[in-house]
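Here is what each chain is made of, one letter per residue.
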Amino acid sequence: MSLTVFGILRIRNLFAVVMLGSIFSLMAAAIFVILDAVDVAFTEASVGAGISTVLALGTIALTTDREKKPSHTKILPLIVVILTGAALIYGTLDLAHYGDPNAPAHRHVAPSYLKEGPEKTGIPNVVTSVLASYRGYDTLGEVTVIFTAGVGVILLLGNWRHIGRRREDEDA
Amino acid sequence: MAAVGLYNYWIVVFLMMAGFYIVIAHDNLVKKIVGLNIFQASVFVMYITFGKVQGGTAPIIADGVTTYSNPLPHVLILTAIVVGVATTALGLALVVRINEAYGTIEEDEIHDQDDDT
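Residues numbered from 1 in each chain as written. Chains lettered and ligands numbered in written order. Predicted model: local features only at pLDDT ≥ 70, side-chain atom pairs only at ≥ 80, totals over all residues. Heavy atoms only, no water.

> Can you tell me about the overall build of chain A, naming the residues and giving the values?
Scanning chain A from N- to C-terminus turns up 8 helices and 0 strands. In sequence order, chain A lays out its α and β elements as α-α-α-α-α-α-α-α. Residues counted as buried form 34% of the 172 residues belonging to chain A. In chain A, the proportion of contacts linking residues at least 24 apart, taken out of those at least 6 apart, comes to 43%. Here chain A has roughly 10,500 Å² of accessible surface; of this, 67% comes from carbon and sulfur atoms. (Helix = DSSP H or I, 4+ residues; strand = E, 2+ residues; numbered from the N terminus. Buried < 20%, exposed > 50% of the residue type's maximum accessible area, 1.4 Å probe, protein only. Contact = heavy atoms within 4.5 Å. Areas by Shrake-Rupley, 256 points an atom, 1.4 Å probe, with all protein chains shown as cover.)

> Tell me about the interface of chain A and chain B, residues and numbers included.
The partner chain B presents 71 residues to the 76 residues of chain A that form the contact. Around 6,900 Å² of area is buried between chain A and chain B when both sides are counted, 76% of it from carbon and sulfur atoms. Our count for the chain A to chain B interface comes out at 0 salt bridges. On inspection of chain A and its partner chain B, the count reaches 1 residue pair in polar contact (both at pLDDT 80 or more). For the side of chain A that touches chain B, the elements supplying multiple residues, two or more each, are α1 (2–10), α2 (14–34), α3 (38–62), α4 (75–92), α5 (110–121), α6 (126–134) and α7 (136–157) of chain A. Among the elements that make up the side of chain A that touches chain B, the one with the highest residue count is α3(A) (13 residues). Tallied by class, the residues present in the side of chain A that touches chain B amount to 50 nonpolar, 16 polar and 10 charged. (Buried area = accessible area lost by both parts, 1.4 Å probe. Salt bridge = Lys/Arg side-chain N within 4 Å of Asp/Glu carboxyl O. Polar contact = N/O pair within 3.5 Å; in protein donor to acceptor, adjacent residues only side chain to side chain. Nonpolar A, V, L, I, M, F, W, Y, C, P; charged D, E, K, R; others polar.)

> Break down a negative patch on the surface for me, with residues and values.
Side chains of Asp112(B), Asp114(B), Asp115(B) and Asp116(B) sit close together on the surface and give a patch of like negative charge. You can see Asp116(B) is positioned in helix α4 (residues 107–116). (Patch = residues over 30% accessible without salt bridge, like charges linked within 9 Å, V, L, I, M, F, W, Y side chains within 5 Å. Lys, Arg positive; Asp, Glu negative; His and termini not counted. Charge placed at Lys NZ, Arg CZ, Asp CG, Glu CD.)

> Explain the nonpolar core residue by residue, including any values.
In this structure, Phe32(A), Val40(A), Val130(A), Ile48(B), Ile77(B) and Ile81(B) are the most contacted members of the largest nonpolar core, which totals 30 residues. Among the secondary structure elements, those contributing two or more residues to this core are α2, α3, α5 and α6 of chain A together with α1 (2–25), α2 (29–51) and α3 (71–102) of chain B. Residues lining this core come from more than one domain, with at least three contributed by each of domain 1 (1–68) and domain 2 (126–172) of chain A. Apart from residues no more than four positions distant in its own chain, Ile48(B) is found in contact with Phe32(A), Leu35(A), Ala37(A), Val40(A), Pro73(B), His74(B) and Ile77(B). Judged by nonpolar contacts, the second largest core, of 11 residues, contains Val18(A), Ile60(A), Ile33(B) and Ile110(B). (Core = buried A, V, L, I, M, F, W, Y, C linked by side-chain atoms within 4.5 Å. Domains from an automatic or database assignment.)

> Could you give me a rundown of the side chain of Ser22(A), with the residues and numbers involved?
Tracing the chain through its elements places Ser22(A) in helix α2. Filtering out sequence-adjacent residues up to four positions away, Ser22(A) remains in contact with Ala49(A) and Thr53(A).

And the structure:
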């Protein structure tokens, strides 16, 4: 995964960058399977590696697939990034270790969802029962977000702009 | 032992900073959005790492299984992935629109054109 990211950093052909981004998403999906998150892996593989790539390729087709040579030095961003990274590494030292069953995250409400979820909703997959039943309103909000994004894309790129312009021309 | 237990988080930090660097150091708008996606994916990996329980399986209730990974981070990240692709779509639409208006998707050239007018 890190190697792919280095590739994305260095390559200026945007087509290759988008393809590497797709590979990156697919590897993230594989990691999710290893970490027991099968539902998330499904979504990441279809949405991250699939739809995002198609959208990015469409954008490249409508614009250009070459990135210009950088015109200025990049010392300041590098310093900012290294400082932030060091702070984050320092922060990880206090985190619960990988797979620790006594981590605070696993001891609060998660056991009750695992126990009651299938009994109350009748769905053996706990992720589905929480997403669709317990947190159904959040999922409704998520649908609203996607709808808003879709409306935004149509407003930005839709054909009606040309119709409006033609009408202005006729008026003038 | 600490190095093994925290290895995942360090990979996450590296990926996050790589995405961050792409966003602030590159002028090309499409590449910035790819950088944002990398940043996002690193956060997803971090949350899923929180949810892993040693010896656990995927949180689908089955007979004969006693240990499950924590399902709550999975739910959060499912929502986050879908919202993420919605924002990506909107960002890319903005890039196309900027290209129509300015004829370029390099940020410094856009600034130059703005200064000229």
